[in-house]
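Given next are the chains, with one letter for each unit.
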Amino acid sequence: MTSVQVDNENTTSEEGYERGLGSRQIQMIAIGGAIGTGLFLGAGKGISKAGPSLILAYAVAGLVIFFIMRALGELLMYRPVSGSFSEYAREFIGPFAGFVTGWTYWLFWVVTGITEVTAAAAYMQYWWDIPQWVSALIFTIVLYGANLISVKLFGELEFWFSMVKVTAIIGMILICLGILTLGFSDAGDTASVTHLWSDGGFFPHGVGESLMTLQMVMFAFLAVELVGVTAGESKDPKTVLPKAINTVPWRIAVFYVGALIMILSVVPWTHFQPGVSPFVAAFEKMGLAAGAGIVNFVVLTAALSSCNSGMYSTGRMLRDLALNHQGPKVFTKLTANGLPLVGTTFSAALMMVGVWINYQWPGKAFDYVVSFATISGMWAWIMILVSQIRYRAKADRGELPRSEFRAPGAPFTSWFALAFIAMVIVFMGIDKDARISLYCAPLWALILGVSYWLLKRRNPEAAAFRKR
């Protein structure tokens, strides 16, 4: 641990935040962070394109995510700060990298908030014929209000949101297992693990189509890194964060690989369609109408959970930028209970754009924003990996203290993860539906480049690293 780290017994972090997130909250934020619309809604499109091979895609991508999270864990134990990826990029790559990372991760969560509120509005139509934009507006306002009370309330909301998701998925796995072994429900006579290879094979549309689903698969894992943003508000980061990160393998094994194996064994993959939650569709095929309604409530909870996380993280990223003279000074202000009010309010206002998107294109809104969220979210992963590689090199030379939570196999695992992300970006360029994000990326890079140049001319401190 370094001198910038605070004593675990302090109730206020060096950045001014309240250390209100306890162990059980951090653990559930870590577990629930990767369970969102990418799994519950996006998996329907993935199944229709790749069939059972989507299971393998989740497993391989999950291994890469574990490498990323262990790289992040090594950095967090070196210096746990709320700025997280932006701070590490600023220290180990340069001030411009910190500037780009902070603003890009902020944009990622704004766009993700739009994505999640879009999905939540779509789920509401399962019960009532409410215009998507109306539901999106209500959800955005309610979650914004919840984030203005205290970080403890945020932690409690995420704890119970995650508890609902985790309980539901485990329950669904047990029901599917019961159908496979006992044969009850409408799907009992046909349920069989042979569906994983008998309906056109494990790769029914070829390996190429399976590889093209990696964009959606990686989107499903976005937000696992959120645990890094909570470092500045965790009561005991040295103990809690490593435990949370080490849950990544079994999270992926159970909630992604295990759940999909069960679903696709009970219901053939050919019965699933893009845009329809595979979990809801599976219960409907089983003849369990009540189960479908329950699952729809759960996926609604998952979407609101991710949007809530977006509200939380955007204010923290804006404040970190402002503290480093790379954002408007007004974002540094905290409320009496340690909340970045101005940054959260500004971000929530931009999330209202999602309401307009739902009004203009209710059927296409999810597809429009998911690809851009993927590329901007992966930038944070790239910065985590590059920062960890450079930190490890300095630590091995004795220039910096070694982390107490070293990433196994690094730097080789970090280089492998970087190569995998590069491959996914190439596939996004090939996929006409995902290509829009690559068109937007150069424009965003140009905006950031010009903004940084102007900022540096007005305030030279923006180009200097200040280790806080």
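Analysis parameters
- Residues numbered from 1 in each chain as written.
- Predicted model: local features only at pLDDT ≥ 70, side-chain atom pairs only at ≥ 80, totals over all residues.
- Heavy atoms only, no water.
- Axes fitted to C-alpha atoms, helices over the stretch in contact; angles between N-to-C directions.
- Helix = DSSP H or I, 4+ residues; strand = E, 2+ residues; numbered from the N terminus.
- Parallel < 35°, antiparallel > 145°, perpendicular 65-115°, else oblique.
- Left-handed = near helix turned anticlockwise from the far one by under 90°.
- Nonpolar A, V, L, I, M, F, W, Y, C, P; charged D, E, K, R; others polar.
- Polar contact = N/O pair within 3.5 Å; in protein donor to acceptor, adjacent residues only side chain to side chain.
- Contact = heavy atoms within 4.5 Å.
- Expected span 1.5 Å × (residues − 1).
- Buried < 20%, exposed > 50% of the residue type's maximum accessible area, 1.4 Å probe, protein only.

*Asks:* Looking at this structure, I do not really get the packing of helix α6 (residues 95-124) against helix α16 (residues 289-323). What am I missing?
*Replies:* For any two helices packed against each other, the geometry comes down to the angle between their axes and how far apart the axes lie. Two numbers describe how α6 lies on α16: the axes approach to 8 Å, and their chain directions differ by 155°. One finds that α6 runs roughly antiparallel with respect to α16. Here the hand of the crossing between α6 and α16 comes out left-handed. Of the residues that constitute the contact of α6 with α16, the class distribution is 19 nonpolar, 9 polar and 1 charged.

*Asks:* Would you explain the side chain of Ser-309 in this entry?
*Replies:* Inspection of the secondary structure assignment puts Ser-309 in helix α16. Within the local environment of Ser-309, its side chain forms a polar contact with the side chain of Glu-158, the two groups lying 3.3 Å apart. Leave out the neighbours within four places in its chain, and Ser-309 touches Trp-109, Phe-154, Glu-158 and Leu-226.

*Asks:* I would appreciate a short explanation of helix α21 (residues 435-458) in the present structure.
*Replies:* Side chains of residues three or four places apart in an α-helix project in the same direction, reflecting 3.6 residues per turn. End to end, α21 covers 36 Å across 24 residues, agreeing with the expected 34 Å (1.5 Å per residue, within 8%). Along α21, the residues classified as buried are Ser-437, Trp-444, Leu-448 and Tyr-452.

*Asks:* In this structure, what is going on with the packing of helix α7 (residues 132-146) against α16? I would like to understand it.
*Replies:* As a packed pair, α7 and α16 sit with axes 10 Å apart at the nearest point and diverge in direction by 55°. It follows that α7 is oblique to α16 by the angle criterion. Crossing geometry of α7 relative to α16 is assigned as right-handed. Touching Phe-139, Thr-140, Leu-143 and Tyr-144 of α7 are Leu-300, Leu-304, Cys-307, Asn-308 and Met-311, all from α16. The residue makeup of the contact of α7 with α16, split by class, is 7 nonpolar, 2 polar and no charged.

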